[in-house]
Amino acid sequence: MTSENSFLRLQARTQRFTLGSPREFRIAPDGTHLLFLRSGSGEDRVHALWQQDLATGQETRLGDPVALLGGAEELSPEELARRERTREQGGGVVGYATDSAARVAAFALSGRLFTADALTGDTRELPAATPVADPRPNPTGTHVAYVADNALRVVAVDGTDDRALATPEGEDRAWGLAEFVAAEEMNRTRGYWWSPDGTRLLVAHTDKREVQRWYIADPANPGSEPAVVAYPAAGTPNVRVSLAVISLDGTRVEVDWDGVDLPYLVTAHWSAGGRPLIAVQSRDQRTVEIRAVDPDTGATEVLHTETDEHWIEITTGVPAWTPAGELVRVTASDGANRLVVGDTVVSGDLQVRSVLDVADDVLFTASAEDPTQVHVYAGGRRLSTVDGVHGAARAGGVTVLTSWSLEWSGPRVQVLRDGAAVGEVACLSVDPGVVPNVQLLTVGERDLRVALLYPTGHVPGSRKLPVLMDPYGGPHAQRVLSTRNAYLNPQWLADQGFAVVVADGRGTPGRGPAWERELAFEPADITLTDQVDALHAVAATGADLDLTKVAIRGWSYGGYLSALAVLRAPDTFHAAIAGAPVTDWSLYDTHYTERYLGHPTQNPDAYTRNSLIDDAPKLTRPLLIIHGLADDNVVVAHSIRLSSALVAAGRPHTLLPLPGVTHMTPQEDDVAENFLLLQVRWLKSALGVE
C-alpha cells in the first residue's frame, strides 16, 4: 500500500482527523468544572460526555455509550435527518444540554433518554417515550424536556411524571422541532427554549402540510419504498411556524407576531436579562424584526428593525440580552458587520462572525484586516494571541479557547481563568503526518485570498505543473483559512502531481457586507469571474502553473461552480469534476435560493441566467458529474437534469451515481480511498498528464 493510499484511509477512518478532538464545551458558572464531548481516540467514532475538574485538570468520562446501550447504536429516521442537517458523522453522544449550573446533562442514545450528574458521575436512563430528540434540562435542573413522535414532552430528573406538554393536532405537524430550512440555512437546530426559572418554555409549532412532497428512491434496492420528504423548493410554500409559551402545568399562551409578512423564525433567546426575544424575517429576507415577547399574554413588542436592499445576514448568538437588560445585536453598517450593545458599537471596524457569550461584556469572534484569521474578543481586547482560527466558550470567569493554526495539526484547547492560561483539554486526534506545502496569497485587483499548494518537495521554477482548482467559492463558506487542517486533502491532491489553487471570491465571509452582497442575482457570473481572475493572478506571480492544463473540482456549490467553469469558460478550464452540483436553482430550497436570486415569479430571468441546463450545448471539455442518490439537500434530480440536457445536445460526459450516499461524501475507508483515487485518475486522463 502506498503512503498516499494510507493517508486516504487514515483520513476516512479519522473523519478528516476530527475524531478525538474535544468540542461542545459547557462551563460551570462557579468555575469548578467543565463538560465536553470527545471520542475515545483519534480513530474512535463513538463520542462520550466528559467532565474536567478545573482545580486538578482531571478528566472523567460520564458514562460509556457502548455500555449504556448494551449493543450497537440504532438511529431513527428523524435522528438521521437531524444529523444530515448538521453534517454530523460521529456516533455516541453527539449533542447534549445542561442546566444553568452545568451539573445535570441530558443526551439521547439510540432514541433513549439519559442524564448525567457532573458532580457525582452518576449516569442513568430515564423512562421516556421514544425515539427521544433534543433533550434539554431546565435551568434549575428539576425537569428534562424532549421531543418524541413530534410532541413536546417533559419528565422529572428522578424519572417520574413523564408526560406530553404539547401534542400535534395531526400529521405533518410538530412541537419543539426546527424545520428543514431553519436547520439547513439559518443554523437553528432547536425548536424550544426554557425560561430562566425553569417553569415555562417558548415552543415552536411547525406545520408542513402545504409543503410539496418529493420522493427519493433507492435504485440499488428497487424493492424499497422511496423516502418521502417535505422539500420547500424556491417559490413554493414553506413550513408554517408559530410560537407558544407553555407552562409545566400545560397552560398555553399563543405568541402574536406577523407570521404572514415575517414568516421565518430565525432564532429565539430567553435569559434572566429580560423577556423572551425572537428574531423574525420576511420571506425576501430584506427585513428582520427583533421582538420581545410578553410570556403572560403572548403580545410582542418590536425592539429593533433591520433592513437591507438585498438581504440580512444571520449571525449566530444574537439577539440576546445582557444581564443589565441591554439588547445585543449585529448590524451591517459603514462597511462592517458590527456588534451593538444597547446603542453602542463595541466591535469597532472588526468583521463580527459570531457571538459566543453575553455577560457584563460580550465574547465574540471576528476578523480584522486578514479574513483568513478568526479571533476571539471580549471587553475590548483580543483573547487569542496566535495567528489562526479560534473559538471559545465562557462562564464563571473561565474561558475555554480552541485554536487552529498553520503551525500545528488539530485544535489546541486552553483553559483560561481571568485571561491567564491555567490548563488545557487533551486533544486525542491523530497527527496526519502531513505539513502542507502551502502559500497564502492576496492577488488581483479585488485582493482575492488564495491558497497555493505544490507537491511535497517541489522546487520552485523547476517545472510547470498541471493546475487543479479546488473551490467551494460560494457564500457562507470559506476555504482559505490560516489553519493546517484546511489543507490536508488539498496537499494530498497536490502530491498527485498538481499545483492546487484554492480561492475565496466575493460572497465568502469575513470581508464585510458589501463583499458578501456583490453576488446578488448574479452568483454564476461573480463567482466564476473570481475563480478565473484568481487563477490568472496567481500565474502572474511567477507560480509554476501550466495554464494549458487546468482542471477544477468541487462539491455542492463547488460542484456547481466546477460545471459552470467548463460550460462558460472552456478556454480557461479544460476538465471538471462536479460533485452534488446545483444545476437548476428552481430545485433548491427557498431560504438559500431566494436570498441570492429573489422569488422565481418576481425575478425569473435570474434563475435562467444562473442555471446550467441551458448551457448544456456549450460543453466541449471533459465533465464528470458525481451525485449521491440519497441526497435530500441537493437532490439527484439536479445532476439528472443536466445529464439529460447534455445527452439531448449530443455532448459526451460521465455521470457517476453513488447509491446510499447523502450530501456528505463517503467516509468508509476503502470507499473513500477509491473515491478520490478514481477522481485523480480521471483528471489526469482528461488533462492528458501522467
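(A) Here's a closer look at the overall build of the protein chain. In terms of regular secondary structure, the protein chain is built from twelve helices and 44 strands. For a compact globule of 690 residues, the expected C-alpha radius of gyration is about 26 Å, and the protein chain comes in at 25 Å, within 12% of that figure. Its C-alpha atoms give the protein chain principal-axis dimensions of roughly 70 × 55 × 55 Å. The long-range share in the protein chain, meaning contacts at least 24 apart out of those at least 6 apart in sequence, stands at 60%. As displayed, the protein chain has an accessible area near 26600 Å², and 49% of this comes from carbon and sulfur atoms. Within the protein chain, one finds 59 positive and 89 negative side-chain charges whose respective centroids are separated by 3 Å.

(B) How the structure looks around the nonpolar core. The biggest cluster of nonpolar side chains holds 71 residues, and the ones touching the most others in it are Val-450, Leu-452, Phe-573, Trp-585 and Leu-623. Excluding residues that lie within four positions of it along the chain, Leu-452 makes contacts with Asn-437, Val-438, Gln-439, Leu-441, Ala-499, Val-500, Val-501, Val-538, Ala-543 and Leu-545. With 33 residues, the next largest nonpolar core counts Phe-17, Leu-468, Val-480 and Leu-493 among its residues.

(C) Highlighting the packing of aromatic side chains. Applying the stated criterion to the full structure yields 17 aromatic pairs. Taking 5.4 Å as the distance between ring centres and 85° as the angle between the ring planes, the aromatic pair formed by Tyr-588 and Tyr-592 counts as edge-to-face. Across this residue pair, the class does not change: Tyr-588 and Tyr-592 are buried. Three or more aromatic residues link up through ring pairs in this structure, and these residues are Trp-311, Tyr-472, Tyr-557, Tyr-560, Trp-585, Tyr-588, Tyr-592 and Tyr-596. The side chain of Arg-412 reaches across the aromatic face of Trp-408, ending 3.9 Å from its centre. Lying over the aromatic face of Trp-515, Arg-511 brings its terminal NZ or CZ to 3.7 Å of the ring centre.

(D) Quick peek at the sheet that holds strand β22 (residues 277-281). A sheet is described by the order of its strands in space; here four strands give the open sequence β21-β22-β23-β24, paired in antiparallel fashion. A strand with exactly one partner marks an edge of an open sheet, and here the two such strands are β21 (264-269) and β24 (300-307). Within the sheet, the average angular offset between the axes of one strand and its neighbour, ignoring direction, is 20°. Here strand β23 (residues 287-293) pairs with β24 via seven bridges, running antiparallel. For Val-288, the partnering residue across the bridge sits in β24 and is Glu-306.

(E) Expanded view of the side chain of Thr-322. Within the fold, Thr-322 resides in the loop between β25 (320-321) and β26 (327-333). In contact with Thr-322, other than residues within four places in its own chain, are Gly-273, Val-328, Val-341, Val-358 and Ala-359.

(F) Region of the structure containing the environment of Glu-169. Within the secondary structure, Glu-169 is located in the loop between β13 (163-166) and β14 (173-175). Sequence spacing of Glu-169 and Glu-59 is 110 residues, and the spatial spacing of their C-alpha atoms is 46 Å. With residues near it in sequence (within four places) discarded, Glu-169 still touches Trp-175 and His-205. Within the local environment of Glu-169, its side chain forms a polar contact with the side chain of His-205, the two groups lying 3.2 Å apart.

(G) Inspection of the sheet that holds strand β43 (residues 623-628) at higher detail. With respect to topology, eight strands assemble into an open sheet ordered β37-β38-β40-β39-β41-β42-β43-β44, the strand pairing being mixed. With partners counted over all chains shown, the strands left at the sheet margins are β37 (438-443) and β44 (654-658), one partner each. Each strand axis lies, on average, 20° off the axis of its neighbour in the sheet, ignoring direction. Alignment of strand β41 (residues 545-555) against strand β42 (residues 575-579), held across five bridges, turns out to be parallel. Across the sheet, residue Gly-554 finds its bridge partner in β42, namely Ala-578. The strands that helix α8 (residues 557-568) touches are β41, β42 and β43; relative to β41, the one it contacts most, it runs at about 140°.

What counts, and at which threshold
- Residues numbered from 1 in each chain as written.
- Predicted model: local features only at pLDDT ≥ 70, side-chain atom pairs only at ≥ 80, totals over all residues.
- Heavy atoms only, no water.
- Helix = DSSP H or I, 4+ residues; strand = E, 2+ residues; numbered from the N terminus.
- Rg over C-alpha atoms; globule rule 2.2 N^0.38 Å.
- Contact = heavy atoms within 4.5 Å.
- Areas by Shrake-Rupley, 256 points an atom, 1.4 Å probe, with all protein chains shown as cover.
- Lys, Arg positive; Asp, Glu negative; His and termini not counted.
- Charge placed at Lys NZ, Arg CZ, Asp CG, Glu CD.
- Core = buried A, V, L, I, M, F, W, Y, C linked by side-chain atoms within 4.5 Å.
- Buried < 20%, exposed > 50% of the residue type's maximum accessible area, 1.4 Å probe, protein only.
- Phe/Tyr/Trp six-rings, centres within 6.5 Å; stacked < 30°, edge-to-face > 60°.
- Lys NZ or Arg CZ within 6 Å of the ring centre and 35° of its normal.
- Pairing = 2+ DSSP bridges.
- Axes fitted to C-alpha atoms, helices over the stretch in contact; angles between N-to-C directions.
- Polar contact = N/O pair within 3.5 Å; in protein donor to acceptor, adjacent residues only side chain to side chain.

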